[in-house]
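These are the residues of each chain, in order.
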Amino acid sequence: MSATTAGMPVAPRVRPTGKRNYARRYWLFAMPAAMVVVAVILFPWLFTLVMSVNDWKVSGNVYFVGLGNYQHLFRDPRFLWAVARTLYFTTAAVIAPMLIGVWAAVCFASNFKFRGVARTIFIMPMMATPVAIALVWTMMFHPQLGVLNYLLSLAGLPPLSWVYNSTTVIPTLVMVETWQWTPLVMLIVLGGIASLPIDPYEAAVIDGANGWQMFRYITVPLVWPFIVVAAAMRIIDALKAFDTIFVITNGGPGTSSETINMLLYQTAFGYYDLGYASAMVVVFFVLILLVTGVLLRMRRWEHGI
Amino acid sequence: MIGRRTLLTGTAAVLAMPAIVERVGAQSAFDWKRYQGQTIVVSLTKNPRADNLQQHEKEFESLTGIRVESEQMPEQQQRPKMVMELASGRPSFDVTHFSLHVSKRVVGSGRWLVDMRPYLADRALTAPDYDWADMSPGARRAATQPDGRIDSLPLETDIWLIYYNRQIFQQKGLAFPKTFDEMLATARKLNDPANGIYGFVGRGVKNANVPVWTSILLGQDQETVTPDGKTLLTDTPAAIWAGEMYKSLLRECAPPGVVGFNWNECQTSFMQGKVGMWMDGVGFTPPLLDPKVSKIVDHVGFGLMPAGPKAHACPVFTDALGIPVESKVKEAAYLYCQWATSKAMLLNLVNMGGGASPRLSTYNDPTLMKNSPFGQEWLATLLASMKIARSGLPEIIPVTEFRDVFGIALSNMVGGADVAAELRAATTAFKPILEQSLKT
């Protein structure tokens, strides 16, 4: 204590009123949510990572193998083909619904008779249960007894093998995916179009722009953020596609529709090789993270960030 | 006045009285009510065997006072669910229905199911008329693990046969083939794609297609692995011959798209009268004779599996019931297994066309097929098949991988790939998996 302050009475410490620091107690309120996150997200992920570095069979002993499962993964032609098929399926199952969905949104944005009824019918596939849809499509694809080949025969066209042929199976599955998820793209883009201002269009009309030019130079740039959101949702959904493929083809014929999801399901629950399947999950997760990262970057570019 | 019908009924009742009294005596000596009040959960695979059990479930509840909560699930979901729950050590069921040709070794290596030998030997737990020795030797062998434990009771032996369309055969003036070579020749003659008729149909989709190939292979007096389960016999000349036969039948004589067909697509094509012959399990009979779904009710024929160059054999696949070691009501669950595999229940199973009984006595029962819609040809085929039955799939732990690896090769063959090259590649791919499984 310095000489100048020595002997002076010490002022009592006054707690600032109205500015109590509750920060230290906030964690109590966050605890329930944090516990749920740890239990259902963090713990399963850590456990998956642990399993992926072990030779972990359901009925056998567990051995630590380090990165052995990962090394095997990148030498396993079945896995590498599954990655290629996943990318092929995802690309096609994003582009087709995006093109048709944007076109449908532009159509539904204009006024025409029975627009409401047509829009309701258009979004129906999205509301149905994927497994039920898959079963119905499976029956329709039957090469001899399915209604699709019957319709082709009425049009004088030869029958197709649909999902019963290794060449046509993925395009056919993409067709189902497109049928089901185009309405979602349409709804998102339609929402964007509905929010557009009318002024640019009036100015364009005065300047003599035609319909295509207004679409290309006004509508598309203005609804682009909505298109990016729809594309992001489609990419993530298409990468994760499982139920329709599982029910309709179970990865076949042979392995011609075996995506990463199908292979890892079979490895975990058919071969009971949990370690190897976990390594696949980790790699698949990294792939999804990369794709999501690219999409987020696209959104930032859009906003000039 | 006593009518002739009444008199006949009365006489039959008097004549049957000793048997009824004997049966009641046997039943009364055994206390079925010992565990009344308990509840058991039964997990069943969706198929006619499970239908038979559920249809008669109330009878078991009345007999024992034990409450049964059973559910059927498609095998694609039920199989992994069973294994994962057993491995977790906390199964949600007290009785599980499973295919020995798929899950026997994996449940055996985990020692997850109760060894029933002490129960079978216990007179307080096993009814005097149960008679384990009445199970066919093949069924008993199938239910016994390599270390001697009997951890399941056989519920059905699914033999494979050839369903054929009599009408199509008659139109072409052809007889049912006796050998595989004759079968291929007959299928070629029946094949008439221009009129929407195909000579043969069988499973083409991977995994499910393997039993078709192994069924043909048995005709060479060969299975896919050596009896000790250690060496693959999947690229031998016999295996290649069977592969060539499979390829020719499906590629030349089957409907387009057969490479994606499982049993249900095959069944649909056959029921619609589009196919001459269909090779598959006997348990798929009932819908073929149901006029609501089948167009060929009056034309279905049942034929014995053709002979090969070296042997005449029929593949067999066995279903069974087991009890998890963690079950809290093992004895009540055992009573259920015992009832489900009893003489009366397995007789019901055959009479409803749900499959073949693993019990020898079923086929000597005077009431067999009395009120059954299935004819004597069906029964005769069943009996003849039982005499030449052999295991249709190898008893190895990675049997699903085996079916996938060789199933993909078979699918590729249907697509035109070279049989020998595919089988050699599949053998090379599967060998390390088999060797690894032998170490665990």
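This text follows the structure it describes.
Worth saying up front: this structure is predicted, and the values here are computed from it rather than measured.

Criteria and cut-off values
Residues numbered from 1 in each chain as written. Chains lettered and ligands numbered in written order. Predicted model: local features only at pLDDT ≥ 70, side-chain atom pairs only at ≥ 80, totals over all residues. Helix = DSSP H or I, 4+ residues; strand = E, 2+ residues; numbered from the N terminus. Buried ≥ 20, exposed ≤ 12 C-beta atoms within 10 Å, placed from the backbone. Contact = placed C-beta atoms within 7 Å. Rg over C-alpha atoms; globule rule 2.2 N^0.38 Å. Nonpolar A, V, L, I, M, F, W, Y, C, P; charged D, E, K, R; others polar. Axes fitted to C-alpha atoms, helices over the stretch in contact; angles between N-to-C directions. Left-handed = near helix turned anticlockwise from the far one by under 90°.

**Q** With reference to specific residues and values, describe the overall build of chain A.
**A** Across its full length, chain A carries twelve helices and two strands. Going from the N terminus to the C terminus, chain A shows its helices and strands as α-β-β-α-α-α-α-α-α-α-α-α-α-α. Principal axes of the C-alpha set define a box for chain A whose edges measure 110 × 75 × 30 Å. Expressed as a percentage of the 305 residues in chain A, the buried residues total 32%. Looking at chain A alone, contacts between residues at least 24 apart form 71% of all its contacts between residues at least 6 apart.

**Q** Please give an account of the overall build of chain B that cites residues and values.
**A** Scanning chain B from terminus to terminus reveals 18 helices and nine strands. On C-alpha atoms alone, chain B measures out to a radius of gyration of 23 Å, which is about the 22 Å that the 2.2 N^0.38 rule sets for 440 residues. Its C-alpha atoms put chain B at 70 × 65 × 35 Å along the principal axes. Expressed as a percentage of contacts within chain B between residues at least 6 apart in sequence, the contacts between residues at least 24 apart total 77%.

**Q** Report on unusual backbone geometry, specifying residues and quantitative values.
**A** The peptide bond linking A:Gly252 to A:Pro253 adopts the cis configuration, its omega dihedral lying at -5°. One can find A:Pro253 in the loop between helix H10 (243-248) and helix H11 (260-269). In this model, A:Phe114 sits at a positive phi of 60°, which is unusual for a non-glycine residue. Notably, B:Asp221 is not glycine yet its phi reads approximately 60°, a positive angle. By the secondary structure assignment, B:Asp221 is in the loop between helix H10 (210-217) and helix H11 (237-253).

**Q** Can you tell me about the interface of chain A and chain B, naming the residues and giving the values?
**A** At the interface, 23 residues of chain A touch 27 residues of chain B. Looking at the side of chain A that touches chain B residue by residue, the classes come out as nine nonpolar, 13 polar and one charged.

**Q** Before we move on, can you summarise the packing of helix H3 (residues 77-109) of chain A against helix H9 (residues 211-240) of chain A with the specific residues and values?
**A** Residues and elements named next belong to chain A. Relative orientation of the contacting elements H3 and H9 amounts to 140°, with a least axis distance of 9 Å. Judged by the sense of rotation from one axis to the other, the crossing of H3 with H9 is right-handed. Along its contact with H3, which presents Thr86, Phe89, Thr90, Ala93, Val94, Pro97, Met98, Gly101, Val102 and Val106, the element H9 presents Phe215, Ile227, Ala230, Ala231, Arg234, Ile235, Ala238 and Leu239. Considered class by class, the residues forming the contact of H3 with H9 number 14 nonpolar, three polar and one charged.

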